[in-house]
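One-letter residues, chain by chain:
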Amino acid sequence: MTKRTLLLVDGSSYLFRAFHALPDLRNQAGEPTGAIYGMVGMLRRLRTDRKLNDGATLAAVVFDAPGKTFRDDLYDQYKANRAATPEDLARQIPLIHEIVRAMGWPLLMIPGVEADDVIGTLAEMAHARGIRTLVSTGDKDMAQLVHEHTTLFNTMTRDNGPIERLDAQAVEAKFGVPPERIVDYLALVGDTVDNVPGVSKCGPKTAVKWLQQYGSLEQIMAHADEIKGVVGQNLRDALDWLPTARELVTIRTDVELPGVGDAFDETLTWNDERLAELRELFTRAGFRTWLKDVERRLGDEGGDAASGDEADETAGGNRRADGMHGQEAAITDAIARAGGAAASTYVGERQATIGPSGNAPATTTAECVLDEATLEAWLARIDEATLTAFDTETTSLDPMQAEIVGVSLAVEAGAACYIPLAHRYAGVPDQLSRAGVLERLRPWLTDATRPKVGQNLKYDMHVLENHGIRLAGVAHDTLLQSYVLEAHRPHDMDSMARRHLDRDTILYTDVAGKGAKQIGFDEVALEQATPYAAEDADVTLQLHQHLFPQIAEDAGLSRVYRDIELPTMLVLQRIERNGVLIDPRLLEKQSHELGKGMQAIELKAYEAAGQPFNLNSPKQLGEILFGKLALPVVKKTASGGASTDEEVLTKLAEDYPLPRLVLEYRGLSKLKSTYTDKLPKMIHPQTGRVHTNYSQATAVTGRLASTDPNLQNIPVRTPEGRRIREAFVAPKGSRIVSCDYSQIELRIMAHISADEGLRKAFAEGLDVHRATAAEVFSVPLDAVDSEQRRVAKVINFGLIYGMSAFGLASNLGIERDAAKLYIDRYFSRYPGVAEYMARTRELAKQQGYVETVFGRRLWLAEINSPNGPRRQAAERAAINAPMQGTAADLIKLAMVAVQQWLASEEMRSMIIMQVHDELVFEVPEGELDAITTRVPELMCGVAELAVPLVVEPGVGVNWEAAH
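Remember, it's a predicted structure, so these values are computed and weren't measured experimentally. (Residues numbered from 1 in each chain as written. Predicted model: local features only at pLDDT ≥ 70, side-chain atom pairs only at ≥ 80, totals over all residues. Heavy atoms only, no water.)

Student: Help me understand the overall build of the protein chain, please; the structure alone is not making it clear to me.
Tutor: When helices and strands are counted, the protein chain shows 39 helices and 20 strands. In terms of overall size, the protein chain behaves like a compact globule, its C-alpha atoms giving a radius of gyration of 32 Å where 963 residues would be expected to give roughly 30 Å. Of the accessible surface of the protein chain, which amounts to about 40800 Å², a share of 49% is contributed by carbon and sulfur atoms. Here the protein chain contributes 104 positively and 136 negatively charged side chains, and the mean placements of these two sets differ by 4 Å. (Helix = DSSP H or I, 4+ residues; strand = E, 2+ residues; numbered from the N terminus. Rg over C-alpha atoms; globule rule 2.2 N^0.38 Å. Areas by Shrake-Rupley, 256 points an atom, 1.4 Å probe, with all protein chains shown as cover. Lys, Arg positive; Asp, Glu negative; His and termini not counted. Charge placed at Lys NZ, Arg CZ, Asp CG, Glu CD.)

Student: Please explain the sheet that holds strand β6 (residues 164-166) as it appears in this structure.
Tutor: Note: strands within a sheet are paired through backbone hydrogen bonds, in either parallel or antiparallel orientation. Strand order in the open sheet formed by six strands is β3-β2-β1-β4-β5-β6, with mixed pairing between adjacent strands. Strand pairing shows two members of the sheet lacking a second neighbour, β3 (107-108) and β6, which therefore form its edges. Judged from the four bridges that link them, strand β4 (residues 132-136) and strand β5 (residues 150-154) form a sheet pairing that is parallel. If you follow Thr133 over to β5, its bridge partner there is Thr150. In this fold helix α2 (residues 34-48) packs onto β1 (5-10), β2 (58-62), β4 and β5, with an angle of close to 170 degrees to the strand it touches most, β1. (Pairing = 2+ DSSP bridges. Contact = heavy atoms within 4.5 Å. Axes fitted to C-alpha atoms, helices over the stretch in contact; angles between N-to-C directions.)

Student: Even after reading the chapter, I still don't get the packing of aromatic side chains, so can you show me in this structure?
Tutor: Given two aromatic rings, their pairing is described by the distance between the two centres and the angle made by the two planes. Using the criterion set out here, one finds 20 aromatic pairs in the structure. Arranged with centres 4.8 Å apart and planes meeting at 55 degrees, the rings of Tyr37 and Phe287 form a pair that is tilted. Taken together, the positions of Tyr37 in helix α2 and Phe287 in the loop between α15 (275-285) and α16 (288-299) put the pair 250 residues apart, joining distant regions of the chain. The same class applies to Tyr37 as to Phe287, namely buried. The ring of Phe153 is capped by Arg165, whose NZ or CZ atom sits 5.1 Å from the centre of that ring. If you follow Arg725 out to its NZ or CZ, it ends over the ring of Trp959, 5.0 Å from the centre. (Phe/Tyr/Trp six-rings, centres within 6.5 Å; stacked < 30°, edge-to-face > 60°. Buried < 20%, exposed > 50% of the residue type's maximum accessible area, 1.4 Å probe, protein only. Lys NZ or Arg CZ within 6 Å of the ring centre and 35° of its normal.)

Student: I tried to follow the pattern of salt bridges on my own but got confused; where do I start?
Tutor: A side chain of one charge can pair with a side chain of the opposite charge if their charged atoms are brought near each other. Evaluation of the coordinates by the stated rule reveals 58 salt bridges. Between Glu654 and Lys651 there is a salt bridge, with its nearest N and O atoms 4.0 Å apart. With a relative accessible area of 48%, Lys651 lands in the partly exposed category. Close ionic contact of Glu726 with Arg723 constitutes a salt bridge, the shortest N to O distance being 4.0 Å. Given the relative accessible area of 29%, Arg723 is considered partly exposed. Shared partners join several salt bridges into a network, and the residues in it are Arg44, Glu273, Asp293, Arg296 and Arg297. (Salt bridge = Lys/Arg side-chain N within 4 Å of Asp/Glu carboxyl O.)

Student: It is not clear to me how the environment of Thr137 should be interpreted in this structure. Could you clarify?
Tutor: Looking at the element boundaries, Thr137 is found in the loop between β4 and β5. Thr137 sits in the buried class, given a relative accessible area of 4%. Along the primary structure Thr137 and Val294 are separated by 157 residues, whereas in three dimensions their C-alpha atoms are 28 Å apart. In this structure Thr137 touches Asp10, Met142, Leu152, Phe153 and Asn154, once residues within four positions along its chain are discounted.

Student: What's the story with the pairing of strand β15 (residues 734-741) in this structure? I'm lost.
Tutor: Consecutive residues of a regular strand have side chains that alternate between opposite faces of the sheet. Of all eight residues making up β15, six are buried, and the element is well covered by its neighbours. Here β15 pairs with strand β19 (residues 918-924) via seven bridges, running antiparallel. Considered in β19, the bridge of Val737 is made with Phe921. Pairing analysis gives six bridges linking β15 to strand β20 (residues 951-956), with the strands arranged antiparallel. Note on β20: the bridge partner recorded for Asp740 is Glu952.

Student: Mind showing me how you'd approach the pairing of β19 here?
Tutor: Of all seven residues that make up β19, seven are buried, and the element is covered over most of its length. Judged by which residues are buried, β19 turns out to be covered on both faces: Glu918, Val920, Glu922 and Pro924 on one side and Leu919, Phe921 and Val923 on the other are all buried. Here strand β18 (residues 910-915) runs beside β19; their pairing, made up of five bridges, is antiparallel. Note on β19: the bridge partner recorded for Val915 is Glu918.

Student: Quick question: what am I supposed to make of the side chain of Thr840 here?
Tutor: Inspection of the secondary structure assignment puts Thr840 in helix α37 (residues 831-847). Here Thr840 falls in the buried class, since its relative accessible area comes to 8%. Discounting chain neighbours no more than four positions away, the residues touching Thr840 are Val850, Ala878 and Ile879.

Student: What's the story with the sheet that holds β20 in this structure? I'm lost.
Tutor: Taken together, four strands build an open sheet; the order of strands is β18-β19-β15-β20 and the sheet is antiparallel. The strands lining the two open edges of the sheet, one partner per strand, are β18 and β20. Adjacent strand axes in the sheet meet at a mean angle of 20 degrees when their direction is disregarded. In this fold helix α39 (residues 928-940) packs onto β15, β19 and β20, with an angle of close to 20 degrees to the strand it touches most, β15.

Student: Help me out: how do you make sense of α37 in this one?
Tutor: Residues lying three or four places apart along an α-helix face the same way, a consequence of the helix completing one turn every 3.6 residues. Counted at 1.5 Å a residue, the expected span for α37 with its 17 residues is 24 Å, and the 24 Å between its end C-alpha atoms agrees. Contacts from the buried residues of α37 go to α31 (744-753), α32 (756-763), α34 (786-800), α36 (816-829), β16 (849-851) and α38 (868-904). At the exit of α37 stands Gly848, carrying a positive phi of roughly 80 degrees. (Expected span 1.5 Å × (residues − 1).)

Student: Looking at this structure, I do not really get the nonpolar core. What am I missing?
Tutor: Generally speaking, soluble globular proteins have nonpolar side chains that are buried together. The biggest cluster of nonpolar side chains holds 158 residues, and the ones touching the most others in it are Phe728, Tyr741, Leu890, Phe921 and Met939. Broken down by element, the residue count for this core peaks at 12 residues, all from α38. With residues up to four places along the chain from it excluded, the contact list for Phe921 reads Arg735, Ile736, Val737, Cys739, Val898, Leu902, Met910, Ile911, Ile912 and Val935. One finds Ile110, Ala126, Val208 and Trp210 within the second-largest nonpolar core, a separate group that totals 59 residues. (Core = buried A, V, L, I, M, F, W, Y, C linked by side-chain atoms within 4.5 Å.)

Student: Just to check I follow, could you spell out α34 for this structure?
Tutor: The end-to-end C-alpha distance of α34 is 21 Å, a good match for the 21 Å that 15 residues give at a rise of 1.5 Å each. Listing the buried residues of α34 in full gives Gln788, Val791, Ala792, Val794, Ile795, Asn796, Gly798, Leu799 and Ile800. Looking at the buried positions of α34, the neighbouring elements they touch are α31, α33 (768-777), α35 (805-812), α36, α37 and α38. For α34, the N-terminal cap is Asp785; the gap from its side-chain oxygen to the backbone nitrogen of Glu787 is 3.2 Å. (Polar contact = N/O pair within 3.5 Å; in protein donor to acceptor, adjacent residues only side chain to side chain.)

Here it is in structure tokens:
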């Protein structure tokens, strides 16, 4: 029989660390919520991650009760050196207690004792019942509780390697004494945190030596006269005190816990989450993503938790990092990095915590460069350096508009400079000329033999180019290093510094303010700007020194970083700079036509409803659909009302005209507001083109994301959507060329699954959907009709995304048994695919990630979740991610190969967009033959798969015509 497990959480410790780990988060009412946010994120992870909780069925979060404890009576100076609980932390405690209970965690607070004593007593009670105990804490005092039935684990250590777990052997390895001697050890060395004096000058080594020699504190005291030197005298001076010290550091295991003894299991069993209560609490706290999750679950008849990001609330300044992920792991990381004292800012120096290795300097010595001599000294330093960290401070986050305010440099960890060039405020000191300094830096900036490292250097490249300088010598980028190592975590510099250097950085809001009162960086006083900007360069250099060795030791990660991500960044900067030409007059005409179409649909909707109403009002729509027309309620909102979301309207549209009309109206409205109205306003005033931003470190699969504007989401399934692509035009004398990988993910599936049937179909150049239909429906290839091919296409692409029989049935509008039959036939004809899926699920569960063909790691946080829907979603992602990730790697390799060829041949053609598996070019007519011939060859030649790659080029006067 498997022994049961009790999970105990040191709630007070978690809350305190969360408070100091996270930024000053606040809800709309201005109430602090950072500690609550971190605590909730940790508890959610503890409950769902079986690797952490070992399948515990009993649990409790234990907090210190307010007021004095018996230790205060023993020693009136107990914890006397501790500052009062910060007001912002104290204000959060009542709400976190409510949330913990609503999350289903048993919560205990016992007056007169500390949380440690309650945990010790519960562990002893569990031992007596044959239940093993896991204690989640970072408190070293808890090591005294460890024995064969009780283990400690510390999630605060997970960034430095595996999560620390302390059994009896590990306790002795860590402290030098077994768990039963920890109390003696603590009494000797004392506890500065709780202000418990030990023996003066007796450190850990001395305490361990004495305990190994004499066996116990009592025996040490009995032989005190034998111990020589000053420390021996100090021991003798402390003999009267040591019994009290021992009692103070001893965790009690006999605390009276009202009601627990008689109802141990009932009191400590995890309860179901009280979703309605959580909805109210998360609303009050302003936790939008968790609130959406709760609302989805309240609206789900099955009550299953939805998958998705669980913690994407803003948790700090974004230093131009295009990979902000908002995930639960990020909150865990933040708490893991908590080291105690809150951050403080110094002029010229920045205090920080030394990282776990002890190698990272604790401060940045920041030098403000205001004269020629100092500038010359730094120019000499970067000229001699093997690697220099470089960063810019600017007037804007828009890379095409930003101007340089100053630059910062670092060549060794712990020291950096800031060269202010364009600060403007009353009393600002004289600064060096921006034009002059940039000219002095130009030879170094444009020298490919002078290696540079930065954080999101693509941005800095744009900014420098705004001043007529093309940055060369880009050797490393810490944003991309973080992305390659751990794509599922945040990649902004502040988060990475906390995660990898145990360092709290100066936030932008610390120097520029927040909200409506925020000033531009050019208005920040040099006394504040210098440590902030210099720290950027210094921390970037230290992050590189920490991250790059981890990449270099793994061949796959090294290839992804060196051969894919770094060169892709340089290509993306060119594509963004190239921009795309659009026809604003055509978009204006389309916008007018969309408006007329919306008006026509509006009239039809009024007729179907029997009255006019606001089609944009969910409330009015619901009243008509479910009140006046009495349509069936498909699902309800969190507040209990009938939902009118897109899923509901799509379902109702199968049988009723009004929901169909509303969907058509919404589709046209989105096209109008997002594209035809907006795109003309985004034309750059100097270039006359639209310049998107390609975010390279956003999707965990490696795919790029396009923003401001998003050029990858223009809908193409409707005539109106396709017409928008007609406005993406070529200038006179040029054409648009589109080169698209054909069925790339299916080809990758054939490669990685090694299925003979799929490989044969591609090798012979067959229509793979027709070939699949012939296998599934057992008909000759030439007898497959269009409907059978359609079904086969849905199966082919559905299985890539891990579609179940239920999903296939829903997609095809057939019975579930028929869908299951199709899938069974598919797998019987393509057994390699079935084997790949089973193999990949198992591998993902074992290592927590899967890989692309090229070695990119795709992390799956929920792959071992006890929550069925979340685990199944992660399993589906595990199947699809290697294909989607490999496709992303291929298109990046293709971009690099094509751009290198364009440059080497000095072609005037240029890449203007990357959209999914497609590259879009603007090509002078005289280069059409070369582009349509050579580009497909290059794209097909970037990798050798077990099946041929196929690229289909198209040419037209606009993007749509090129398809």
